[in-house]
Amino acid sequence: GAVVSQHPSRVICKSGTSVKIECRSLDFQATTMFWYRQFPKQSLMLMATSNEGSKATYEQGVEKDKFLINHASLTLSTLTVTSAHPEDSSFYICSARWRAEDTQYFGPGTRLTVL
Amino acid sequence: QKEVEQDPGPLSVPEGAIVSLNCTYSNSAFQYFMWYRQYSRKGPELLMYTYSSGNKEDGRFTAQVDKSSKYISLFIRDSQPSDSATYLCAMEYGNKLVFGAGTILRVKS
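Residues numbered from 1 in each chain as written. Chains lettered and ligands numbered in written order. Predicted model: local features only at pLDDT ≥ 70, side-chain atom pairs only at ≥ 80, totals over all residues. Heavy atoms only, no water.

Here we come to the overall build of chain B. Helices and strands together make up the secondary structure of chain B, namely 0 helices and 11 strands. The order of helices and strands in chain B, counted from the N terminus, is β-β-β-β-β-β-β-β-β-β-β. Here the C-alpha coordinates of chain B stretch approximately 40 × 30 × 20 Å along the principal axes. By the burial criterion, 43% of the 109 residues in chain B qualify as buried. Measuring between centres, the 12 positive side-chain charges of chain B sit 5 Å from its 11 negative side-chain charges. (Helix = DSSP H or I, 4+ residues; strand = E, 2+ residues; numbered from the N terminus. Buried < 20%, exposed > 50% of the residue type's maximum accessible area, 1.4 Å probe, protein only. Lys, Arg positive; Asp, Glu negative; His and termini not counted. Charge placed at Lys NZ, Arg CZ, Asp CG, Glu CD.)

Here you go:
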């Protein structure tokens, strides 16, 4: 199956700093990438959808100025959590798909802890 | 009312048992139905993907979709301790994937 990687797998940072998470599709070109957030013992919640070369579409309640998404190429999307606070601590998971009729392939996730 | 309802469990079964996991949904616009397996602190892994009512089998796994009742199921035969994980149902319409809460499954050896 298709492989999606994320980096870093785990990050701990101080409150007020910004953190960048990378999502890469390793063996296919991802026209669409998705970013999810998962709090402990809860399911995945879609944060935003991004298509290569265009602005991301954010879900209701997700602050686009706080969670900056860049999808500059067909194999890379980045999520930057700006001025992170403890309540932003969560498991962030990306997924990618090649065509609209394909399923989404998920990355291994990034655990963010903000102190 | 949530769009997708899933019993969070935990569900504990002995090795070799048949496991039945279920989800109900309210949005008739959902077109695609999936089951994912998620191990602790890992990303979801796709198990089954269907788009029509009926059964789909893959090894020890069978996915069942009943669009008239808005109900989907995943059956696991001959369950193994390695099947212990959280199982997430997911449904898609347009470009949006909506997940259930996930059911924690524990298979005891």
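The discussion continues.
Looking only at helices and strands, one finds 0 helices and 11 strands in chain A. Put simply, chain A runs from its N terminus to its C terminus through helices and strands in the order β-β-β-β-β-β-β-β-β-β-β. In terms of principal-axis extent, the alpha carbons of chain A reach across some 40 × 25 × 25 Å. Here chain A holds 115 residues, and the buried ones make up 49% of them. Relative to all contacts within chain A whose residues are 6 or more apart in sequence, the contacts with residues 24 or more apart total 54%. Just so you have it, chain A exposes about 5,700 Å², and 52% of that area is on carbon and sulfur atoms. Positive and negative side-chain charges in chain A, numbering 12 and 10 respectively, have mean positions lying 6 Å apart. (Contact = heavy atoms within 4.5 Å. Areas by Shrake-Rupley, 256 points an atom, 1.4 Å probe, with all protein chains shown as cover.)

Residues and elements named next belong to chain B. As enumerated under the stated definition, the model contains 7 salt bridges over all chains in all. The salt bridge involving Glu45 is made with Arg37; its shortest N-O contact spans 3.1 Å. A salt bridge links Glu57 to Arg77; the shortest N-O distance between them is 3.5 Å. Separated by 20 residues along the polypeptide, Glu57 in strand 6 (residues 54–58) and Arg77 in the loop between strand 8 (71–76) and strand 9 (85–93) bring together distant segments of the chain. Residue class for Arg77 comes out partly exposed when judged on its relative accessible area of 27%. (Salt bridge = Lys/Arg side-chain N within 4 Å of Asp/Glu carboxyl O.)

On to the nonpolar core. B:Val4, B:Trp35, B:Ile72, B:Leu74, B:Ile76, B:Tyr87 and B:Met91 are the most contacted members of the largest nonpolar core, which totals 25 residues. At the level of elements, strand 3 (19–25), strand 4 (32–38), strand 5 (45–50), strand 7 (61–66), strand 8, strand 9 and strand 11 (103–108) of chain B are the ones that each hand at least two residues to this core. Sequence-distant contacts of B:Leu74, that is, excluding residues within four places in its chain, are made with B:Val19, B:Ser20, B:Leu21, B:Trp35, B:Leu47, B:Met48, B:Phe61, B:Thr62, B:Ala63 and B:Tyr87. Judged by nonpolar contacts, the second largest core, of 24 residues, contains A:Ala48, A:Ile69, A:Cys94 and A:Val114. (Core = buried A, V, L, I, M, F, W, Y, C linked by side-chain atoms within 4.5 Å.)

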